[in-house]
There are 2 protein chains.
Amino acid sequence: MLTASPLIPMLRKLEYWATLAEADREALLTLPYILKTIEPKGMIVREGDQTTHACVIRSGFVYRHKVVANGARQIVSLHMSGDLVDLQNALLHTADHYVQALTRSELAMVPRAAIRRIAADRPAIGEAMWHDTLVDGSIFREWIANVGRRDARTRLAHLLCEFALRLAAAGIGEENGYELPMTQEQLGDCTGLTPVHVNRMLKSLSDDGLIHRSKRAVAIADWQGLLIAGDFQSGYLHLPDEKVAMMR
Amino acid sequence: MLTASPLIPMLRKLEYWATLAEADREALLTLPYILKTIEPKGMIVREGDQTTHACVIRSGFVYRHKVVANGARQIVSLHMSGDLVDLQNALLHTADHYVQALTRSELAMVPRAAIRRIAADRPAIGEAMWHDTLVDGSIFREWIANVGRRDARTRLAHLLCEFALRLAAAGIGEENGYELPMTQEQLGDCTGLTPVHVNRMLKSLSDDGLIHRSKRAVAIADWQGLLIAGDFQSGYLHLPDEKVAMMR
DNA sequence: CGCCCATTTGACAGCTTTCAAATCGCGTGG
DNA sequence: CCACGCGATTTGAAAGCTGTCAAATGGGCG
């Protein structure tokens, strides 16, 4: 049975950022990698690790987080199929944060050296990866603003909007809702809130008819309303125009 | 009269991240640029701008910020001599945030095309710039954690530590203190606090003998104490070992 | 000397956290 | 098939950190 390369979603994503020649595409898809499956909550990288690989997500969800002195945890980013997680850790040698699986995930681990080589040999790929890093940075900036200056309800709504749009852009969203693979505690760790307050704000959004909830899933009931409630503008994701069409 | 190239501080910084050949250095220093002087509060880039240049700071301080729905502002990064600000805006075309001068600043504006060309033609430079972007991202992550999960006093102390160390690394710090070129309102915008509360927390740090204040300046009175108060660990700055020696 | 902006300080309000307890969902075992 | 058990979700009440509002003080500059 044929299995599609786990690197294809990454290729698709890099092509957002730069136009690649056929030879570039081939070089990307022949990158060496080791497939790895991680169970929920499984650690992929620990802060302080000397890292040697970057990872490409084939399926599942992954998050990165930091731990502060009082033991509290802050999730700094969420990742999904096609994301090139952890170029940071791979190129900077020492990990400055944790990388952990949210759900069961399949990862392609690509050696640091191979990444550096392909980026150096093929400028278009180097540029695409650099762009990817820049977009990562843009999302970080939005999160700083989200956590720093928005109230709890807005923060959560913003997170839900971002996740929906990114899922759609990656081609793994459903019509008007999606499985939110996070517990309320994890949502709190993304937004700098306590799980209790996340629960209340989720209820508030739900009561106002902006979302529907069932079990672990969240469905967006009123996309326009949620965009406003979340003070959400998609520019910072730097998605190609056609990808944000769904937002209109 | 001879004037040193405004690009020299950038060169020095890029050399933290990758070893450059003589030809690389020369190519960097012959990058085309336009010198520009900006007064305090002067806008360098506006959100939504179609940007065409990145800027290298020769002197002064610059910050980047975002504005959320209720009008509040969040500063997402601070920059100083040698920093390559705004590769993001330059390579991603549409600015997703503002760039503004904190103090009178001299900037070298380098055209986007020149940056792309040098990064593509000279892999070592491309890699160094990419690293620089990655370190930027690492600082963003720390800020997310700072704003999201630390209390007000710790946040401020953390910011003061970071600024001190980065100044020292850039070679523009003094012995045991520095001019903090920010108003308390701007400190609040960095930390997600109100100016009033910044004032109180500064007083608290001062009362505890961790810092001394006079006018706009802050002197660090007890470096060890401030590190602890700020839950500060320098790893995320990814500075070369000798640069963090002062922290010991 | 006088104006203006930044800093300080106090009192009070309010959003979010904390602490606790009840309920729910779901996999496991009887 | 139903009971049990554990983690996640909900809800309530009260405390606390930070924000808001207002006014006084201070410092720099014309």
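Residues numbered from 1 in each chain as written. Chains lettered and ligands numbered in written order. Predicted model: local features only at pLDDT ≥ 70, side-chain atom pairs only at ≥ 80, totals over all residues. Heavy atoms only, no water.

A. Looking closely at the pattern of salt bridges. Summed over all chains, the structure comprises 38 salt bridges over all chains. Measuring nitrogen to oxygen at the nearest pair gives 3.0 Å for the salt bridge that ties Arg104(A) to Glu39(A). A residue pair is termed long-range when its members are at least 10 positions apart, and Arg104(A) in the loop between β7 (98–101) and β8 (105–111) and Glu39(A) in the loop between β1 (34–38) and β2 (43–45) qualify at 65 residues. The salt bridge involving Glu142(A) is made with Lys66(B); its shortest N-O contact spans 2.5 Å. Of the two residues, Glu142(A) is situated in helix α5 (residues 123–149) and Lys66(B) in strand β4 (residues 62–67); the pairing between them involves two chains. (Salt bridge = Lys/Arg side-chain N within 4 Å of Asp/Glu carboxyl O. Helix = DSSP H or I, 4+ residues; strand = E, 2+ residues; numbered from the N terminus.)

B. Molecular detail of the relation of the copies chain B and chain A. Of the transformation placing chain B onto chain A, the axial shift is 0.0 Å and the rotation is 180 degrees, giving an RMSD of 0.0 Å. In short, the pair behaves as if placed about a two-fold rotation axis. Both copies share a contact surface, since 100% of the interface residues of chain B are interface residues in chain A too. (Least-squares fit on C-alpha atoms with pLDDT ≥ 70 in both. Contact = heavy atoms within 4.5 Å.)

C. Representation of the protein's contact with DNA strand C in the model. Near DNA strand C lie 18 residues; those nearest to it are Ala152(A), Arg200(A), Lys215(A), Gln184(B) and Asn199(B). In DNA strand C, atoms within 4 Å of the protein come 70% from sugar and phosphate. His197(A) is positioned with one of its side-chain polar atoms (N or O) 3.4 Å from a phosphate oxygen of DNA strand C. Sorting the residues of the surface near DNA strand C by element identifies α8 (195–207) of chain A together with α8 (195–207) of chain B as the ones contributing at least two each. If you tally residues by element for the surface near DNA strand C, the top one is α8(B), at four residues. Among the residues forming the surface near DNA strand C, the class breakdown is four nonpolar, six polar and eight charged. (Near = heavy atom within 4 Å. Polar contact = N/O pair within 3.5 Å; in protein donor to acceptor, adjacent residues only side chain to side chain. Nonpolar A, V, L, I, M, F, W, Y, C, P; charged D, E, K, R; others polar.)

D. Up close: the sheet that holds strand β4 (residues 62–67) of chain A. Spatially, β2-β7-β4-β5 (chain A) is the arrangement adopted by the four strands of the open sheet, whose pairing is antiparallel. Of all the strands in the sheet, the pair left with one neighbour each is β2 and β5 (73–79) of chain A. Going from strand to strand, the sheet's axes swing by 30 degrees on average, the running direction of each strand aside. With four bridges joining them, β4(A) and β7(A) adopt antiparallel strand pairing. Across the sheet, the residue bridging to His65(A) is Tyr98(A), located in β7(A). Where helix α5 (residues 123–149) of chain B meets the sheet, it contacts β4 and β5 of chain A, and its direction lies at approximately 135 degrees from that of β5(A). (Pairing = 2+ DSSP bridges. Axes fitted to C-alpha atoms, helices over the stretch in contact; angles between N-to-C directions.)

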